[in-house]
Amino acid sequence: MPEPLPLPAPAAPPRAAESRPQPKHLTDLFWSFTLLALQGFGGVLAVVQRELVERKGWLTNEEFLEDWAVAQILPGPNVVNLAVVIGDRYFGLRGALVALAGMLLFPLLLVLALAVVYARFAEHAAVGGALRGMGAVAAGLVAGVALRMAGALRTHPLGPWVGAALVAATFGTMALLRWPLAWVLPLVGGAACALTWRKLAP
Amino acid sequence: MTPAATIVMQPLDWLNLFLYYLSISLLAVGGAIAAAPDMHRFLVERQGWITDLQFNASVAIAQAAPGPNVLFVGLLGWNVGLNAGGPGAAGWAAATLGMVLCLVGIMLPSTVLTWLATRWGHRNKHRRSVRAFKQGMAPVVIGLLLATAWLLGSAHHGAGTDPRLWLLSGACALVVWRTRLHLLWLLGAGALLGALGVV
């Protein structure tokens, strides 16, 4: 299929893939995801972007957004889906399983340990305060990552302004109007995909 | 955790638990936490396998701990097993069984579907429709992230909106946006400020 010429060059042509950093082997993949998961307080997503895109460089911002769109729109826990998508990208089915195991194994043991000693933890006011503080930070982390990724909209086929309007529509319907995701994705997501489809016309 | 109920789980009950999680797996669009109300209806209200307290503690612990939030499903199963197995080794064995059944149940269908869809998408990535989907969803994904941040912030701040917590969230967002500071420093600072009662 011929590439549409007038578009600004996409940030990561597929050919660049070989020269980019990649997980070296399955063990590397496993421990990378374990470390990601163990840093992810209040959700792993912010850490995935920071580690895999900005530090390791395994994915570009655009690729991360694409993978996350897939992980988000399909049923199931998003970061678990994301581990499957990214693991499969490098090592196929084995990679998907290894990334999944890395994401789950040690965090699960940790959560169980916490559950066992929970009764003692919960009584201290300082522990409750620490959890509250970390919760507020977690909210900020996710917002900060969203702002960083918004930079990718500058090269979007729809242009930055339509992109920003779609961001606002999604945020408004989800956070302010509290629509269920099952409405937002078909309506806003459907409109966004249809508009992009027209722009990509060969 | 709160030792509360003693229940009897027959093999059919375990199967029922597993089938329940298999059945809601494909409905959990937007993450497992979105299906939490339905799990409460099934485990607490209909079957009486765990108590309200156990349910809430499981969600709270999994949210506070690092790692994917879906782990609260494992904790729910763990509690079902503890209630069924009683104290000692039998309880731990039953708890492990419950945890594995719940986690495998909720993840197996959705993970298989994701894997197949990813495969299909990679094979067809030059199709106009696939590119339109992936690129078109980018602004929606960013909007969803902002909405998640908003909901996380509101949940922790509760009814009495504390401006200092919002300030902390806003400052963190700025730092993440503009610098490459390691995220653990921010979380540590948040924990410290909270423990000292500053926020």
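What counts, and where the lines are drawn
- Residues numbered from 1 in each chain as written.
- Chains lettered and ligands numbered in written order.
- Predicted model: local features only at pLDDT ≥ 70, side-chain atom pairs only at ≥ 80, totals over all residues.
- Helix = DSSP H or I, 4+ residues; strand = E, 2+ residues; numbered from the N terminus.
- Buried ≥ 20, exposed ≤ 12 C-beta atoms within 10 Å, placed from the backbone.
- Expected span 1.5 Å × (residues − 1).
- Arc of directions from axis to C-beta.
- Contact = placed C-beta atoms within 7 Å.
- Nonpolar A, V, L, I, M, F, W, Y, C, P; charged D, E, K, R; others polar.
- Domains from an automatic or database assignment.
- Axes fitted to C-alpha atoms, helices over the stretch in contact; angles between N-to-C directions.
- Parallel < 35°, antiparallel > 145°, perpendicular 65-115°, else oblique.
- Left-handed = near helix turned anticlockwise from the far one by under 90°.
- pLDDT = per-residue confidence, 0-100.

J.: Describe the overall build of chain B, naming the residues involved and giving the relevant values.
T.: In terms of regular secondary structure, chain B is built from 8 helices and 0 strands. Put simply, chain B runs from its N terminus to its C terminus through helices and strands in the order α-α-α-α-α-α-α-α. Taking the principal axes of its C-alpha atoms as reference, chain B extends roughly 55 × 55 × 30 Å. Every one of the 199 residues in chain B was classed for burial, and the buried ones make up 49%.

J.: Can you break down the overall build of chain A residue by residue, with the values?
T.: Tallying secondary structure elements over chain A gives 7 helices and 0 strands in all. Helices and strands in chain A line up, N terminus first, as α-α-α-α-α-α-α. Buried residues in chain A amount to 50% of all 202 residues.

J.: Summarise helix 1 (residues 26-39) of chain A; cite the residues concerned and give the values.
T.: Residues and elements named next belong to chain A. Helix length check: helix 1, at 14 residues, gives a terminal C-alpha distance of 20 Å against a target of 20 Å (1.5 Å per residue), a fit within 8%. Where helix 1 is concerned, the buried positions are Leu-29, Phe-30, Ser-32, Phe-33, Leu-36 and Ala-37. For helix 1, the angular spread of the buried residues around the axis is 165°, confining them to a single face.

J.: Which residues make up the interface of chain B and chain A, and what are the values?
T.: Every contact between the two is made by 83 residues of chain B and, on the other side, 91 residues of chain A. Considering every element that reaches the side of chain B that touches chain A, the biggest residue donor is helix 6 (residues 128-157) of chain B, with 26 residues. Along the lines of polarity and charge, the residues of the side of chain B that touches chain A split into 54 nonpolar, 25 polar and 4 charged.

J.: Summarise the domain arrangement of chain A; cite the residues concerned and give the values.
T.: Residues and elements named next belong to chain A. What the domain assignment lists for chain A is domain 1 (20-155) and domain 2 (156-202). Of note, the centres of domain 1 and domain 2, computed from C-alpha atoms alone, are 24 Å apart. Each partner contributes to the interface: domain 1 provides 5 residues, whereas domain 2 provides 5 residues. Among the residues making up the side of domain 1 that touches domain 2, the classes are represented as 3 nonpolar, 1 polar and 1 charged.

J.: For the packing of helix 2 (residues 45-55) of chain A against helix 5 (residues 125-149) of chain A, give the residues involved together with the corresponding values.
T.: Residues and elements named next belong to chain A. Put simply, helix 2 and helix 5 touch, their axes get as near as 9 Å, and they point 45° apart. Of the possible angle classes, the one that applies to helix 2 and helix 5 is oblique. As for how helix 2 packs across helix 5, the hand of that crossing is left-handed. The residues of helix 5 that touch helix 2, namely those facing Leu-45, Ala-46 and Gln-49, are Leu-141, Val-142, Val-145 and Met-149. Class assignment for the residues of the contact of helix 2 with helix 5 results in 6 nonpolar, 1 polar and no charged.

J.: Give me the lowdown on helix 6 (residues 159-176) of chain A, citing residues and values where you can.
T.: All names here are of chain A. Here helix 6 spans 25 Å end to end across 18 residues, near enough to the 26 Å set by a 1.5 Å rise per residue. Among all positions of helix 6, only Gly-163, Leu-166, Val-167, Thr-170, Phe-171 and Met-174 are buried. Taken end-on, helix 6 shows its buried residues confined to a sector of 130°, consistent with a single buried face. Exposed and oriented more than 90 degrees from the buried face of helix 6 are Trp-161 and Leu-176. Following helix 6 by one or two positions, Arg-178 adopts a phi angle in the positive range, close to 60°.

J.: Could you give an account of the environment of Ala-94 of chain B, naming the residues involved and the relevant values?
T.: You can see Ala-94 of chain B is positioned in helix 5 (residues 89-123). Considered as a pair, Ala-94 of chain B and Asn-79 of chain B are 15 residues apart in the sequence and their alpha carbons are 9.2 Å apart.

J.: Give me the packing of helix 5 of chain A against helix 8 (residues 183-195) of chain B: which residues, what numbers.
T.: One can describe the packing of helix 5 of chain A onto helix 8 of chain B by two numbers: an axis separation of 6 Å at closest approach and a directional angle of 140°. One finds that helix 5 of chain A runs oblique with respect to helix 8 of chain B. Both helix 5 of chain A and helix 8 of chain B take part in a crossing whose hand is right-handed. Taking contact as the criterion, the partners of Ala-126, Gly-129, Ala-130, Leu-131, Arg-132, Gly-133, Met-134, Ala-136, Val-137 and Leu-141 of chain A in helix 5 of chain A are, on helix 8 of chain B, Leu-183, Leu-186, Leu-187, Gly-190, Ala-191, Leu-193, Gly-194 and Ala-195 of chain B. A breakdown of the residues in the contact of helix 5 of chain A with helix 8 of chain B according to their chemical character gives 13 nonpolar, 4 polar and 1 charged.

J.: Please give an account of unusual backbone geometry that cites residues and values.
T.: For Arg-178 of chain A, which is not glycine, the phi torsion reads 60° and is therefore positive. On the secondary structure map, Arg-178 of chain A appears in the loop between helix 6 and helix 7 (181-199).

J.: Lay out the confidence of the model for chain A with the relevant residues and their values.
T.: Summary statistics for chain A give a mean pLDDT of 83 and a share of 88% for residues scoring 70 or more. Counted against residues more than four places away or in other chains, residues 1-17 of chain A, with its pLDDT under 50, gives 14 contacts.

J.: For the environment of Ser-32 of chain A, give the residues involved together with the corresponding values.
T.: Residue and element names in this part refer to chain A. Looking at the element boundaries, Ser-32 is found in helix 1. Here Ser-32 falls in the buried class, since 20 other C-beta atoms lie within 10 Å of it. Once the C-alpha coordinates of Ser-32 and Lys-56 are considered, the two residues, 24 residues apart in sequence, prove to be 9.7 Å apart. Apart from the residues within four sequence positions on either side, Ser-32 is in contact with Pro-23 and Gly-102.

J.: Go over the confidence of the model for chain B with me, naming the residues and quoting the values.
T.: Averaged over every residue, the pLDDT of chain B is 85; the share at 70 or more is 92%. Both confidence scores are given for the complex: pTM 0.75, ipTM 0.77.

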